[in-house]
Amino acid sequence: MRFVVQSMMDPSSLTAANYLRRAAAAAQFVIRADGVFDGRTGRTGEVFVAVQNGLIRSVGESRPAGDVPVLDFGPDSWLLPGLIDTHVHLVFDSSADPVSALGPLGDDELLVRMREAAAAHLDAGVTSVRDLGDRLFLSRRLALHTRVDPGAGPHVVMAGPPITTPGGHCHFLGGAVDGIDELRAAVRERARRGCSVVKIMVSGGNMTAGSDPATSQFTHAELVLVVEEAHRLGMSVAADTHGVQAITDAVRAGVDTLEHVTFINHDGTPPPDALLYEIANSGVIVSATLGRCPQAWAELPDEARKMVDQWGVRFGELHRRGARLAVGTDAGIAPLKPHGVLPYAVVELIEESGLSPTAALTAVTVRAAEACGLADRKGFVAPGMDADLLVVGSDPLADPAALHDVRAVFRNGIRVRGGRPRVDV
Ligand SMILES: [Zn+2]
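Fair warning: this is a prediction, and the values are worked out from it, not measured in the lab. (Residues numbered from 1 in each chain as written. Predicted model: local features only at pLDDT ≥ 70, side-chain atom pairs only at ≥ 80, totals over all residues. Heavy atoms only, no water.)

Once that is clear, we can look at the sheet that holds strand β6 (residues 83-88). Here 3 strands make up an open sheet; going across it, the order is β6-β7-β8 and the pairing parallel. If you trace the sheet from one side to the other, it starts and ends with β6 and β8 (155-158), each paired once. Taken over all neighbouring pairs, the strand axes of this sheet differ in orientation by 20° on average, direction set aside. With 4 bridges joining them, strand β7 (residues 126-131) and β8 adopt parallel strand pairing. (Pairing = 2+ DSSP bridges. Helix = DSSP H or I, 4+ residues; strand = E, 2+ residues; numbered from the N terminus. Axes fitted to C-alpha atoms, helices over the stretch in contact; angles between N-to-C directions.)

Laid out in structure tokens, this is it:
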């Protein structure tokens, strides 16, 4: 492990970053803002969050006693958990053809790109991402890097390359398997390499020539094997699902998150209502593919926009039936999906899917933390949680555009983005 870290960083800078990280994490300070959304509810009024050793120590309405500096982010500032994106692809560059762009890159060149992608998430206030489509296991190196140097990018939860079929969806990322034995071996390999989630392409997908999103690549029985083996080894399962059969099989196999859930078919019939209820009642988390760059959206053909709008409507139908929604942007796969696009998903959840502002913000914080297996550490502003925090310039419940006015980002108690606040000592 040490060798891997040193191969990507100058050892002297690693030591410096380590030193700074330890020094900053040991510091105690208090953040003051004029409102807070804690991951479940929001309120206007002064809030003081005390941070120590990288963790939230207390949350209250008055300044804690003691000689601790207060970082005051000024009038109208709001504090919330760092946002969490449940589905990104750090290896993809958000170009019109990210697959071709990836092809000629060696691992070291690709890591440079992945670091840029990671930094863009952090700029947007995204402090954790789940990488569900890695090439081989490169995101492990990035995860180590951002753990040592939190300012380099978000906390990375990794799946390694998605498990797929030979020639199947995203086979070029290195996760193709053939038959039950290889399927089981692939799950075990991910556990060995430190993944905490297994990603499986249950449906075909749009990025891969010859692959059909409406058609399943794996059977229900194969999915049961993957879920049993992954859970036995302490990993969750994220299922890429578009077609009705794939969604049905994945839910019944007991996967932990459903990615996309677009109900794509060839005749345009709506999904059976019974399936929407089955998804809601199963407790699976729907990782809704939302979040769009406004400029790229404006340039999209009408037909494509209609299709994407329909997804938003379906997520609303699922929400009203009681399904648990998080947001996975699929960042990296197209110009519509630049890294750090997650804040745009909040207004889409409100305006297109009909969620309340509170429910929309919960989807990108508490619920997303659950989807990523981080609920005991992240996504919620409460004592004992990691001090992964976002400070914005106004109330995001009144207007989600506030999320684009980032005043500061903290990761594990370290200020990693934002200008200098007033400090009262
Ligand atoms: Zn994806």
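Now for the environment of His171. Tracing the backbone through its elements, the reader meets His171 in the loop between β8 and α6 (180-192). Given the relative accessible area of 34%, His171 is considered partly exposed. Put simply, His171 and Pro161 are 10 residues apart on the chain and 8.7 Å apart in space, counted from C-alpha to C-alpha. (Buried < 20%, exposed > 50% of the residue type's maximum accessible area, 1.4 Å probe, protein only.)

Next up on the list: the sheet that holds strand β12 (residues 285-288). The parallel open sheet is built from 5 strands, whose spatial order is β9-β10-β11-β12-β13. Across the chains shown, the open sheet's two edge strands, defined by having one partner strand only, are β9 (197-201) and β13 (324-327). Adjacent strand axes in the sheet meet at a mean angle of 25° when their direction is disregarded. Examined bridge by bridge, strand β11 (residues 257-260) and β12 share 3 bridges and lie parallel to one another. Residue pairing in the sheet places Glu259 in a bridge with Ser287 of β12.

Attention now moves to the packing of aromatic side chains. In this structure the tally under the stated criterion is 2 aromatic pairs. Relative to Phe410, the ring of Phe29 has its centre 5.7 Å away and its plane inclined at 25°; by these criteria the two rings are stacked. Of this pair, Phe29 sits in strand β1 (residues 28-37) while Phe410 sits in strand β15 (residues 406-411), and the two are 381 residues apart along the sequence. Taken as a pair, Phe29 and Phe410 share a single burial class, namely buried. A connected cluster of aromatic rings, assembled from ring pairs, spans Phe29, Phe73 and Phe410. Cation over ring: Arg292 sits above Trp297, and NZ or CZ is 3.7 Å from the ring centre. The residue whose ring lies beneath Arg305 is Trp297, and the NZ or CZ to ring-centre distance is 5.9 Å. (Phe/Tyr/Trp six-rings, centres within 6.5 Å; stacked < 30°, edge-to-face > 60°. Lys NZ or Arg CZ within 6 Å of the ring centre and 35° of its normal.)

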